[in-house]
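Each chain, written out:
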Number of protein chains: 2
Amino acid sequence: MMRAVACAPSSRTFCRALRTASRNVHSLSAPASHRNLLSKIWAPGSPKLHNPTNAMDHLLKFGFLYQTASGVFHMLPMGLRVQQKLEALMDKYMSRLGACKVGLSSISSQTLWAKSGRLSLGGSELFKFQDRRGHRLLLSPTHEEEITSLLSNFSPKADRLPLRLYQISRKYRDEKRPRQRLLRAREFLMKDLYTFDSSKSLALATYAEVREIYARIFDELKLPYLVAEADSGNIGGSLSHEYHLPTPGGEGEDFVITCNKCGYTANEEVVARNDIPSGYASVEVDSPSQNVIDGAVDCWYGITKDKSTLVYVWFTSNLKPKREVNTHAIKDVFPDLDSSIEDPKAAFMAFNTQNRAEKSPKLLNIVDGTFPSHLLEKLESTFETFDWEDAIYEPVKPKVLSTISRHPVTQRPLNVLRIQDGDSCARCTDGKVKVQKAIEVGHTFHLGTRYSKPFSAMVTLPESSQADMKDFDLHAKQKGGRGTNVYLQMGCHGIGVSRIIGAVACILRNDEGLNWPRIIAPFELAVIPSNMDLIKGAERIYDILTSSQASGQAPIDAIISDQSSHLLGRKIKDVMAYGIPVFVIVGNRYTVEGICEVECPRLKVKEIVSVAELSGCVRSILDRL
Amino acid sequence: MMRAVACAPSSRTFCRALRTASRNVHSLSAPASHRNLLSKIWAPGSPKLHNPTNAMDHLLKFGFLYQTASGVFHMLPMGLRVQQKLEALMDKYMSRLGACKVGLSSISSQTLWAKSGRLSLGGSELFKFQDRRGHRLLLSPTHEEEITSLLSNFSPKADRLPLRLYQISRKYRDEKRPRQRLLRAREFLMKDLYTFDSSKSLALATYAEVREIYARIFDELKLPYLVAEADSGNIGGSLSHEYHLPTPGGEGEDFVITCNKCGYTANEEVVARNDIPSGYASVEVDSPSQNVIDGAVDCWYGITKDKSTLVYVWFTSNLKPKREVNTHAIKDVFPDLDSSIEDPKAAFMAFNTQNRAEKSPKLLNIVDGTFPSHLLEKLESTFETFDWEDAIYEPVKPKVLSTISRHPVTQRPLNVLRIQDGDSCARCTDGKVKVQKAIEVGHTFHLGTRYSKPFSAMVTLPESSQADMKDFDLHAKQKGGRGTNVYLQMGCHGIGVSRIIGAVACILRNDEGLNWPRIIAPFELAVIPSNMDLIKGAERIYDILTSSQASGQAPIDAIISDQSSHLLGRKIKDVMAYGIPVFVIVGNRYTVEGICEVECPRLKVKEIVSVAELSGCVRSILDRL
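As the structure is a computational prediction, the values presented were derived from the model and not from experiment.

Draft legend 1. Up close: the sheet that holds strand E15 (residues 337–338) of chain A. Residues and elements named next belong to chain A. Judged by pairing direction, the sheet is mixed, and its five strands sit side by side in the order E15-E13-E14-E16-E17 without closing on themselves. Looking at which strands have only one partner, the edges of the open sheet turn out to be E15 and strand E17 (399–400). Where strand E16 (residues 362–367) meets E17, two bridges bridge the pair, whose relative direction is parallel. Pairing of Lys362 across the sheet is with Lys399, part of E17. Across the sheet, helix H11 (residues 344–354) lies against strand E13 (297–304), strand E14 (309–316) and E16, angled at about 45° from E13, the strand it touches most.

Draft legend 2. Quick peek at the packing of aromatic side chains. For the coordinates displayed, the defined rule picks out 23 aromatic pairs over all chains. On the numbers, 5.7 Å between centres and 35° between planes, the contact of Phe64 of chain A with Trp516 of chain A is tilted. Here Phe64 of chain A is found in the loop between helix H3 (55–61) and strand E1 (65–69), whereas its partner Trp516 of chain A is found in the loop between helix H13 (497–508) and strand E22 (525–529), with 452 residues between them in sequence. Each of the two residues, Phe64 of chain A as well as Trp516 of chain A, counts as buried. Note on Tyr214 of chain B and Tyr243 of chain B: the rings are 5.2 Å apart at their centroids and 65° apart in plane angle, and the pair reads as edge-to-face. Separated by 29 residues along the polypeptide, Tyr214 of chain B in helix H8 (residues 200–220) and Tyr243 of chain B in strand E10 (residues 239–246) bring together distant segments of the chain.

Draft legend 3. Highlighting the nonpolar core. Core analysis: the biggest nonpolar cluster contains 71 residues, and Leu59 and Trp516 of chain A have the highest contact counts within it. Taken domain by domain, the makeup of this core includes at least three residues from each of domain 1 (65–272 + 438–499) and domain 3 (523–622) of chain A.

Draft legend 4. Structural context of the packing of helix H4 (residues 77–96) of chain A against H13 of chain A. Residues and elements named next belong to chain A. For the pair H4 and H13, interaxial distance at closest approach is 10 Å and the crossing angle is 120°. On the basis of the axis angle, H4 is oblique to H13. Remark: the crossing between H4 and H13 carries right-handed chirality. Contacts from Gly79, Val82, Gln83, Leu86 and Met90 of H4 reach H13 at Val497, Ile500 and Ile501.

Draft legend 5. Up close: the side chain of Lys571 of chain A. Residue and element names in this part refer to chain A. With respect to the helices and strands, the residue Lys571 is situated in helix H16 (residues 568–578). Despite being buried, Lys571 has no salt bridge partner; Asp562 is the closest side chain of opposite charge, sitting 7.7 Å away. If we ignore the near neighbours within four places in the chain, the residues touching Lys571 are Ile528, Pro529, Met532, Ser561, Gln563 and His566.

Draft legend 6. Spotlight on the sheet that holds strand E6 (residues 136–139) of chain A. All names here are of chain A. With antiparallel pairing, the three strands of this open sheet are ordered in space as E4-E6-E5. Single-partner strands in this sheet number two, and they are strand E4 (107–109) and strand E5 (127–130). Strand after strand, the sheet turns through a mean of 40° between neighbouring axes, direction not considered. Pairing of E5 with E6 involves four bridges; the strand directions are antiparallel. Within E6, the residue paired with Phe127 across the bridge is Leu139.

Draft legend 7. Layout of the domain arrangement of chain A. Residue and element names in this part refer to chain A. On domain assignment, one finds that chain A holds domain 1 (65–272 + 438–499), domain 2 (297–400) and domain 3 (523–622). In this assembly, five residues from domain 1 lie in contact with five residues from domain 2. Both sides together, the interface formed by domain 1 and domain 2 hides about 460 Å², and carbon and sulfur atoms give 46% of it. On the surface where domain 1 and domain 2 come into contact, there are zero salt bridges. Between the two partners, domain 1 and domain 2, sit zero residue pairs in polar contact (both at pLDDT 80 or more). Each residue belonging to the side of domain 1 that touches domain 2 can be placed in one class, and the counts come to one nonpolar, no polar and four charged.

Draft legend 8. Spatial organisation of a positive patch on the surface. A contiguous patch of positive charge on the surface is contributed by Arg132 and Arg133 of chain A together with Lys176 and Arg177 of chain B. By the secondary structure assignment, Arg133 of chain A is in the loop between E5 and E6.

Draft legend 9. A look at the state of the cysteines. Residues and elements named next belong to chain A. Applying the stated rule across the entire model yields zero disulfides over all chains. Take Cys259: it sits in no disulfide, and the sulfur closest to it among the cysteines is that of Cys425, at 3.6 Å. Exposure remark for Cys259: the relative accessible area of 7% places this residue in the buried category.

Draft legend 10. Expanded view of the environment of Phe455 of chain A. Residue and element names in this part refer to chain A. Turning to its location among the elements, Phe455 is positioned in the loop between strand E18 (433–448) and strand E19 (458–461). Sequence separation between Phe455 and Ser152 is 303 residues, and the spatial gap between their C-alpha atoms is 6.5 Å. Once residues lying within four places of it in the same chain are set aside, the contact partners of Phe455 are Leu112, Lys115, Ser116, Glu145, Thr148, Ser149 and Ser152.

Thresholds, definitions, all that
Residues numbered from 1 in each chain as written. Chains lettered and ligands numbered in written order. Predicted model: local features only at pLDDT ≥ 70, side-chain atom pairs only at ≥ 80, totals over all residues. Heavy atoms only, no water. Pairing = 2+ DSSP bridges. Helix = DSSP H or I, 4+ residues; strand = E, 2+ residues; numbered from the N terminus. Contact = heavy atoms within 4.5 Å. Axes fitted to C-alpha atoms, helices over the stretch in contact; angles between N-to-C directions. Phe/Tyr/Trp six-rings, centres within 6.5 Å; stacked < 30°, edge-to-face > 60°. Buried < 20%, exposed > 50% of the residue type's maximum accessible area, 1.4 Å probe, protein only. Core = buried A, V, L, I, M, F, W, Y, C linked by side-chain atoms within 4.5 Å. Domains from an automatic or database assignment. Parallel < 35°, antiparallel > 145°, perpendicular 65-115°, else oblique. Left-handed = near helix turned anticlockwise from the far one by under 90°. Lys, Arg positive; Asp, Glu negative; His and termini not counted. Salt bridge = Lys/Arg side-chain N within 4 Å of Asp/Glu carboxyl O. Buried area = accessible area lost by both parts, 1.4 Å probe. Polar contact = N/O pair within 3.5 Å; in protein donor to acceptor, adjacent residues only side chain to side chain. Nonpolar A, V, L, I, M, F, W, Y, C, P; charged D, E, K, R; others polar. Patch = residues over 30% accessible without salt bridge, like charges linked within 9 Å, V, L, I, M, F, W, Y side chains within 5 Å. Areas by Shrake-Rupley, 256 points an atom, 1.4 Å probe, with all protein chains shown as cover. Charge placed at Lys NZ, Arg CZ, Asp CG, Glu CD. Disulfide = S-S within 2.5 Å.

This is the structure:
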């Protein structure tokens, strides 16, 4: 056989002959079993991770994925199955929304990004490179520029709107600090949907439809989720919502606030921007000391992005429980703050000793509403005379800026501390809020004409259109007599596919391993023969459960635990580690009495079931997962 | 509704309420039709391409894809459907091979590529870049390095072999001359399979199995294909086959030679390397002139990569039909040749006038076997004395190297001309060959230990193993007493998914538009109501054909031509332009007599069929496409 392959003539005719021969005599290996077998899935574990303490390490330990570099991963077969289930879920609901699937190139041009103004905004998070001819390219973190440019080339007709296009593809972001594996990766999978309407009101109706569909998608995970008012960030636009999965274990980077009365739900970031007095719960301010440095006053330091200004944030230390500052709130009154520098004082001194001539060094006091007001004058005079902290700033002789103690717009006292459980609601003021650590897994934006204007993406309204023209963004240059040209009203709507995998792993994993909701489990169910003599029985059970004809229902996505060298206990352990939510043990009682054992650790189900009842029993369990 | 979205509280409870409400009152738009409708597919044509003269422009004209930069494409909805069908085809056959699907990162590290030695070999075709920390990265054109590195981390157990892993993902290659759209793109989709065995014989058995599966994949396209012996190139290894789709229109870059007697099939590249006398067909050499410059002798020029040497290739001009040189054959005897320079003489003069000191300029004569032997001495003396071509090389004073007129290994006269139809077979010498222009769409390589050695990817044989040790590549350092460590024997096997789309478009398109084989058609069938009064009838026909219950067979992937503004002729034209291979026209006779018209332009079928017979008729047509 081998010599034949190496040297034989290989025309099509010959190939056909060889093929026919091999089919008849089975000289080549028989096709792989049509049944899913656990022995055939390559799930290489990381032996170093004996007792992973977080969900991400679980994903590594059980061979779902492999990290090749900081924030860069290979999806291994088990992980890829989870990913593909999520992709199918997205496809299903995007299709319901009437969205067409596209595959936009990962390589984009810096010129295009300069046109939208995001080349500098995205800044160092963009992976930039040049091709052999010196063309400046980048790896797209998102595709607003590409799709709007595409739409400006192919102006849709008015009767083709609303137009909805989506893709599920790899995105790239050169994160400053990639961390928590899939939660903040540099190469990741995202579903991004772009919507196009002719008028503002229709675009907002589309936005509502997408929210509706998103809710259905997240419902399918059968996990609690939060829809929070959010910040639009660099993407642009005015209306934006985040979808969060709260993590009981505290993983994730976001704090989402919900009110028990009015239902207000928002990211901590926007609560601060709303600048509504928080009414801290149970504030007990002791009689403050006369000495601002030693007194019952806390201080937090920050530095500006250009490192020219050191920022002091002052607040009372007598709040119970203790508070941290909310850097989003500080940025709201002082946007130049860079909250990511670990030792701002050292950075300030180092930079300003070296760069004296460039920009004069400055000190700024920001004072929270809880800071004792009678100490304010004292604080300022102390700064003016530098008679504090052993005059450590003497070498750089910084100028002291005017203290910020009121919001520039509302003139209310500042509120720059983190909200905590039990604080009053920022919106209704009646309710008490709950703060949950959460992982953002989706984000919707109403973009308006943020991109369609720079890229001149338009639609021509029919002449007969009787609509209220205030509802449109007219293009300045109108063609003569052939309808009105208006800018497309856009929306963009992302779901982090890789992130959902990481977030769900965080939320549902336990000491035994991972634990997937049915809709994204790599397999819904495992059939475990208690020993290899029962493999035929296991195959029969598998065939019953995976047949759609017998039940008239969708087949169950099952797998057989057929590892011949493993004892029953080890097989159960493996199935639980992989997070396959339900398993059926085919033991000796199957042969004798026609019964098996059904287990679902998450629902604490352990039942003895006859073969006749098995399909119904298993399906009713799966419906709850 | 809009105000509610913009300002309403958005807790989960609220969302649920909103959702329930909308479901009941249909305040949000109803879910999109479950039927595929042509009016809902976004297929924006390129208006500039009125009369595309090649298949690639057809793909652009009919909105299958869009080119954003040289060799970089967006897949639009119609094109993506073709791509997804191909992906499903790959998945089906990879599963039969027992291969597990993975998703390796597109970002790889230059360090890894340096380890295999391919960082310099791949050279300027690699897209290289640095991240914010200065780590040197690249966009993978293929994944041998990553997968072998992965395997070296997770040495498979001997009983887990053969291990077969594949992916379908975007690959990157900074082509010098991206051209013919999808055929030579810089970002493209590839299916790559990697196989791992413990011994050489098992690896060759795997290779044979992959060939078998590949033949079945290409059979599904129902197009002629060629399996050619091929060159392993930079990838490495010793055994390699290419899969080609011949193009009657002459698209593509490869010439594939097949013998009518022995079935020998090979790329022109390797035929030359085999260095077997070709026995040119009907060679008629006239009495050659005494003057080598003016005589019946042809000359081709080339230059070396370092531009130091100008190469003359001499052959008789009296062959009928006329011959071109086979640059692969020239490279076989003189590997330094760079055949891509357009004007080698000018390049030689320019470079060597500027860089005299660097490397001394040289002239080389390579003489084909057809060159009249009595002129050889004359040729050489003419060169030595520079008394030809007005001594144009005088300024650079090149040294004349020894003439190459025999193969360095076989000492036979050289054969550096292109093979043509009717030449004798290079292998059996009895048969006559046929030369076909073709597009390479697949490539298989037996790699042996090309990558497993540098990356130390091994498997431990069980102690009981009684195999012939010559069949293994032993690792130098053996662990004591616990079985034998041997290097994994690898194979890699690619199929160009984007390329197949381009190649099939080339082969089957005609003046009416594209023309897809059933297996990759964006839709298998279109139902066309002859006017909008018949839309209900069209829906009924669609439902019959797409139902699996009625026929007990797989549902047909159909679409309704529902564009209300188009007349019947325009609808048929569109369907043919998109290359939907079969269509059913639902006209007035459907209402009156219950009959429709079935058309398949490719098979020249045009039949009147009753509704009862429709499903059977359509399926029998589809089975032939």
